[in-house]
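Inside the fold
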Amino acid sequence: MTDSVHSMDAARAASSHQTLSPLAVLLITFALAVGGFGIGTGEFVIMGLLPDVAKTFDVSIPMAGYVISAYALGVVVGAPIIAVLSARVPRRTLLLWLMGVFAAGNILSAMAPDFWSFTFLRFLTGLPHGAYFGVASLVAASMVPPNKRARAVGRVMLGLTIATLLGTPLATFMGQLLSWRAAFYLVGGIGALTVALVWYFKPKDKVQEGASILRELSAFAKPQVWLTLGVAAVGFGGMFSVFSYIASTTTETAGLSASMVAVVLALFGIGMNVGNIVGSRLADISLKGTIGGSMVFYIIVMLIFANFAQYPIVLYITVFLVGCGFAPAPALQTRLMDVAADAQTLAAASNHSAFNIANALGAALGGLVISWGWGFAATGYVGVLFSLLGLGVFSVSIWLERKTGHA
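Residues numbered from 1 in each chain as written. Predicted model: local features only at pLDDT ≥ 70, side-chain atom pairs only at ≥ 80, totals over all residues. Heavy atoms only, no water.

- Identification of the protein as DHA1 family inner membrane transport protein from Aliirhizobium cellulosilyticum is taken from an unreviewed UniProt entry.
- Its UniProt record gives the protein the following Subcellular location (unreviewed entry) comment, quoted word for word: "Cell membrane". (UniProt positions renumbered as here; feature names shortened; annotations may be inferred.)

Quick word on the nonpolar core
- L32, F236 and L315 are the most contacted members of the largest nonpolar core, which totals 85 residues.
- Sorting elements by how many residues they give to this core places helix α6 (residues 115-142) first, with nine residues.
- Looking at this core, you find at least three residues from each of domain 1 (22-204) and domain 2 (212-406).
- Ignoring anything within four residues of it in the chain, the contact list for L315 reads I246, T249, T250, A254, L256, V264, F305 and A309.
- Grouped together as the second largest cluster of nonpolar side chains are 18 residues, L49, V67, A110 and A112 included. (Core = buried A, V, L, I, M, F, W, Y, C linked by side-chain atoms within 4.5 Å. Buried < 20%, exposed > 50% of the residue type's maximum accessible area, 1.4 Å probe, protein only. Helix = DSSP H or I, 4+ residues; strand = E, 2+ residues; numbered from the N terminus. Domains from an automatic or database assignment. Contact = heavy atoms within 4.5 Å.)

Things to note about the domain arrangement of the protein
- In terms of domains, the protein is made up of domain 1 (22-204) and domain 2 (212-406).
- One C-alpha centre belongs to domain 1, the other to domain 2, and the line joining them spans 20 Å.
- If you look at the interface, domain 1 gives 34 residues, while domain 2 gives 32 residues.
- Summed over both sides, the interface between domain 1 and domain 2 buries roughly 2,900 Å², with carbon and sulfur atoms accounting for 69% of that surface.
- Connecting domain 1 to domain 2 are one salt bridge.
- The shortest N-O distance in the salt bridge between R151 and D284 comes to 2.7 Å.
- Elements supplying a minimum of two residues to the side of domain 1 that touches domain 2: α4 (66-85), α6 and α7 (149-177).
- Of all the elements, α7 adds the most residues to the side of domain 1 that touches domain 2, at twelve residues.
- Among the residues forming the side of domain 1 that touches domain 2, the class breakdown is 20 nonpolar, eight polar and six charged. (Buried area = accessible area lost by both parts, 1.4 Å probe. Salt bridge = Lys/Arg side-chain N within 4 Å of Asp/Glu carboxyl O. Nonpolar A, V, L, I, M, F, W, Y, C, P; charged D, E, K, R; others polar.)

As structure tokens, then:
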């Protein structure tokens, strides 16, 4: 990383955190995290309500699964497009619009009259997802000194990880008790609450000096941006591969009752929260060490999972540790800010497109090895493969950085 990038980040952070009190920073970060909680709840709640959606619209469960793909596609497509087109929009204004669209999308989803309109609305609702996290991360990082940026990003992402532990189960329960439509009304309400909180707590800001569509697009001309996005796109594939089929692994491989699936999912959610908190602290100490070390950690955990998931105690421990594999997420988000230089919005937003690519790849390859008859625990081997690829891509990134002398 060049000294100029360090100086630029330091200047930006200094100008922000000197004018905001610690309480103001806390309240703004809380508002941003509430948005992350809403997005995380909305993204994952559909997985537990698919049978109800299928019944309402009289389609098969595999057919109903298209709504999950539609949302993911919205995330992948929306993040870079919105980041580029909104280059001249102040960040506070952009956050309000993004969360407003997310809230409206969920409320309209709850009112959808037929399956295809519901599917289209899920696509539209996914559009603001990546851009919101990208901009929120930039705002959070700008309010603290440079050596605390990863922790600030981690606090925003804490909303997402808490959603996997609390928001999704509660919304799923509400959806099963009342109606799946009620769950989406709830998520829409959380989005509306975020709009109110950001509007009230986040001071008005100005467009970043020199901001333009061309400047944002310049991020994609930087090899390090692509390499960092590549680490996210493949390095997290193993986590999604295991998570996608964890219910069947619990009942079919470990021989546990269906009631234990909720316990296993809770362990995964706890692991994600622990990984996010610990990983963000480690990233402020060593950004590159956290990313590389996490890939090695994943390889070991995935190997144990693949070979010993039939033993309940091992399943419990490894699922928790797989969740902890979320640790490099704040580090990758922060590294993107560094390597993108002035084109930070597009790079930061695209990180969540990369995560959704990892989700799609992990689930697809996991399903493939299962269909080959290797068993549900074989998703761990898929995780080993993706982690090795992630480590390889990151190694190329470090090699190129050392060769050129800058990030």
